[in-house]
Amino acid sequence: GKSLEAMAASAPEGGRDNRDRDQNTLRVTNISEEASEADLQDLFSPFGRISRVYLAKDKETMQSRGFAFVSFVHREDAARAMDKLQGHGYDHLILKLEWARPSAPKDPGSSGTQFRSGYGKALAQDTKEKVSFASNLTTGTGR
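Now for a quick tour of the structure. (Residues numbered from 1 in each chain as written. Predicted model: local features only at pLDDT ≥ 70, side-chain atom pairs only at ≥ 80, totals over all residues. Heavy atoms only, no water.)

Backbone geometry at Asp91 places phi at a positive 55 degrees, although glycine is not the residue there. Inspection of the secondary structure assignment puts Asp91 in the loop between strand S4 (89-90) and strand S5 (93-94). With a relative accessible area of 36%, Asp91 lands in the partly exposed category. Unlike most non-glycine residues, His92 shows phi in positive territory, near 65 degrees. Following the sequence through the fold, His92 ends up in the loop between S4 and S5. The class of His92 is exposed, set by a relative accessible area of 71%. (Helix = DSSP H or I, 4+ residues; strand = E, 2+ residues; numbered from the N terminus. Buried < 20%, exposed > 50% of the residue type's maximum accessible area, 1.4 Å probe, protein only.)

Applying the stated rule across the entire model yields 3 aromatic pairs. Geometrically, the ring pair formed by Phe67 and Phe69 is edge-to-face, given 6.0 Å between the ring centres and 90 degrees between the ring planes. Its relative accessible area of 3% is what places Phe69 among the buried residues. Members of the aromatic cluster, each reached through a chain of ring pairs, are Tyr54, Phe67 and Phe69. Note that Arg27 overlies the ring of Phe67, its terminal NZ or CZ placed 4.9 Å from the centroid. (Phe/Tyr/Trp six-rings, centres within 6.5 Å; stacked < 30°, edge-to-face > 60°. Lys NZ or Arg CZ within 6 Å of the ring centre and 35° of its normal.)

Strand order in this open sheet of 4 strands is S2-S3-S1-S6, and the pairing throughout is antiparallel. Two strands lie at the open edges of the sheet, namely strand S2 (50-57) and strand S6 (96-99), each paired on one side alone. Ignoring which end each strand starts from, the neighbouring axes of this sheet average 20 degrees apart. The pairing of S2 with strand S3 (residues 64-72) spans 6 bridges and is antiparallel. (Pairing = 2+ DSSP bridges. Axes fitted to C-alpha atoms, helices over the stretch in contact; angles between N-to-C directions.)

Here's what the structure looks like:
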């Protein structure tokens, strides 16, 4: 862990905010649909100063989609939170934490669109169901 901190310490100031924030961001999955951003703030704030909490919500229902990103001001606080909350039972589910991976190259103006993964998964499931449904039809007709 030392080398990362040393690298961060020697990095020139300015123009690095987004990269640093990515390095301090945890991706939290398996969150119950009832959990709110405030709940996550309460859960993670004992470990250090949080710069932002982003809870993914369904655009239609505004229901939680079961994952969130929590960004800490300091990476070591994020690491401690991950250590302590990994596998933590919360709202009848077991939390899973991992480091958020920065998304592919992005232009500086698009920092808001960083965490857009996840949509594809829901779509993939829909299409799979339709496909299997269609294949059931075809196998049933060839008698």
